[in-house]
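Secondary and tertiary structure notes
Residue strings, one per chain:
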Amino acid sequence: MLQPKQKRTSKMKKQILYLVFLSFFVATSYAQLRQNFYQNTCPNVESIVRSAVAKKFQQTFVTAPGTLRLFFHDCFVRGCDASVFLSNPNAERDHHDDLSLAGDGFDTVIKAKAAVDRNPNCRNKVSCADILALATRDVVALTGGPSYKVELGRRDGRISTRKSVQHKLPHADFTLDQLNKMFASHGLSQTDMIALSGAHTLGFSHCDQFSKRIYTKTGIDRTLNTKYALQLRQMCPVNVDPRIAINMDPTTPQTFDNVYYQNLQQGKGLFSSDQILYTDTRSRRTVNLFASNNNAFNQAFVAAITKLGRVGVLTGNLGEIRRDCSRVN
């Protein structure tokens with residue numbers, strides 16, 4: 001019979017073995033990703049997707065933040081496998097954390113997939129997960145951000161459940177420790193997390209996500225710029241329709257740039273999980289770097305989103321190529 005100390009040692013060994021296996025599995029999976037994955041099957045896939053995304057972007061700006069946020073939500077739940085697209089009575093997209101995902105993000109990928117499949121050489125050969133990764137790169141570039149090489153070769157997942165979303169996505173009131181813990185669970189560092197948070201330079205949120213910061217028992221959240229808070233109160237009065245949209249970046253909301261970090265220096269982070277990146281001294285230095293150096297931010301963002309694109313990927317025979325992104329073949 002094992003003694004308590006022996007039991008703890010045995011448990012620790014099992015945990016270490018699990019972590020070693022997990023690290024090996026993750027490394028093996030993303031090692032199969034490569035930039036020229038479709039060179040022999042659909043060599044024009046990137047230009048086809050880019051054209052379709054640009055056309056959608058011309059129709060509505062929401063294409064950009066909608067697609068970018070969709071990629072993040074997909075990768076953080078079950079990995080980058082396009083499972084967020086699957087439609088069923090108990091799907092990921094029906095979880096309350098995903099209900100605010102913009103329909104234009106889904107539509108961007110669906111239209112890009114249709115454009116790819118219209119090419120006889122490409123039909124049913126390119127995964128929805130890869131199209132989402134490419135479309136994400138393209139909307140970043142279309143809004144003034146960096147263009148970068150995208151690793152390809154993901155397969156599409158077959159499973160999508162509402163339950164799988166629970167506790168998998170960061171919330172607007174997260175602390176730095178909570179953010180770091182969640183991102184670290186996907187192999188992402190604090191610097192990666194801060195760089196990816198810079199995606200909040202685009203898009204919008206809703207009043208109910210930050211109302212507690214502008215209507216506290218003592219008035220206004222002390223970390224929030226007072227003038228900015230009063231402007232938010234005008235746009236989000238008490239009992240306002242919670243669907244009212246407010247720009248995440250009050251300065252350059254339609255440009256992918258480092259102004260998001262400059263806003264944090266001025267107390268203009270919309271979420272407390274944004275502002276904490278500056279108020280917490282452990283992350284402030286990185287915020288200051290990105291605020292003063294757009295190139296440093298762009299480089300860090302490219303590195304971080306490339307790592308994000310490797311999270312939980314399915315390769316080889318582990319997944320499939322969906323003919324329709326919304327359902328399993």
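Remember, predicted model here, so these are calculated numbers, not experimental data.

The N-to-C vectors of helix α11 (residues 272-279) and helix α12 (residues 281-292) enclose an angle of 90°; their axes lie 5 Å apart at closest approach. With respect to α12, the element α11 is oriented roughly perpendicular. Across the interface between the two elements, I276, L277, Y278 and T279 from α11 touch T281, S283, R284, V287 and N288 from α12. For the contact of α11 with α12, the per-class residue count stands at 4 nonpolar, 4 polar and 1 charged.

For the rest of this paragraph, the subject is helix α3 (residues 63-76). With 14 residues, α3 extends 20 Å from end C-alpha to end C-alpha; this agrees with the ideal 20 Å at 1.5 Å per step. Here α3 lies mainly inside the structure; 13 of its 14 residues are buried.

Bringing the packing of aromatic side chains into the picture now. As enumerated under the stated definition, the model contains 13 aromatic pairs in all. Residues F85 and F106 carry aromatic rings whose centres are separated by 5.3 Å and whose planes lie at 80° to one another, so their mutual orientation is edge-to-face. Taken as a pair, F85 in the loop between α3 and α4 (103-117) and F106 in helix α4 lie far apart in primary sequence, 21 residues in all. Judged by its relative accessible area of 1%, F85 is buried. Given the relative accessible area of 8%, F106 is considered buried.

This model, assessed by the stated rule, comprises 4 disulfides. Across a sulfur-sulfur distance of 2.0 Å, C42 and C122 are joined as a disulfide pair. As the torsion about the S-S bond is roughly 90°, the C42-C122 disulfide counts as right-handed. Separated by 80 residues along the polypeptide, C42 in the loop between α1 (4-31) and α2 (45-59) and C122 in the loop between α4 and α5 (128-142) bring together distant segments of the chain. C122 carries the same exposure label as C42, and that label is buried. Between C128 and C325 runs a disulfide, and the two sulfur atoms are separated by 2.1 Å. Handedness here is read from the sign of the S-S torsion; for C128 and C325, about -100°, the answer is left-handed. With C128 in helix α5 and C325 in the segment after α13 (294-308), this residue pair connects regions lying 197 residues apart in the sequence. Here C128 falls in the buried class, since its relative accessible area comes to 0%. For C325, a relative accessible area of 3% gives the class buried. For the protein chain, the disulfide bridges join cysteines in the arrangement 1-4, 2-3, 5-8, 6-7, where the cysteines are counted in sequence order.

The contact between α2 and α5 brings their axes to 9 Å, and the two run at 55°. When the axes of α2 and α5 are compared, the pair comes out oblique. Considering the relative orientation of α2 and α5, their crossing is right-handed. Contacts between α2 and α5 pair V45, E46, V49, R50, V53, A54 and F57 from the former with I131, L134, A135, R137, D138, V139 and L142 from the latter. Across the contact of α2 with α5, the residue classes tally to 10 nonpolar, no polar and 4 charged.

Applying the stated criterion to the full structure yields 17 salt bridges. When salt bridges with common partners are traced through the structure, they connect E46, R50, R137 and D138 into a single cluster.

About the criteria used
- Residues numbered from 1 in each chain as written.
- Predicted model: local features only at pLDDT ≥ 70, side-chain atom pairs only at ≥ 80, totals over all residues.
- Heavy atoms only, no water.
- Axes fitted to C-alpha atoms, helices over the stretch in contact; angles between N-to-C directions.
- Helix = DSSP H or I, 4+ residues; strand = E, 2+ residues; numbered from the N terminus.
- Parallel < 35°, antiparallel > 145°, perpendicular 65-115°, else oblique.
- Contact = heavy atoms within 4.5 Å.
- Nonpolar A, V, L, I, M, F, W, Y, C, P; charged D, E, K, R; others polar.
- Expected span 1.5 Å × (residues − 1).
- Buried < 20%, exposed > 50% of the residue type's maximum accessible area, 1.4 Å probe, protein only.
- Phe/Tyr/Trp six-rings, centres within 6.5 Å; stacked < 30°, edge-to-face > 60°.
- Disulfide = S-S within 2.5 Å.
- Left-handed = near helix turned anticlockwise from the far one by under 90°.
- Salt bridge = Lys/Arg side-chain N within 4 Å of Asp/Glu carboxyl O.

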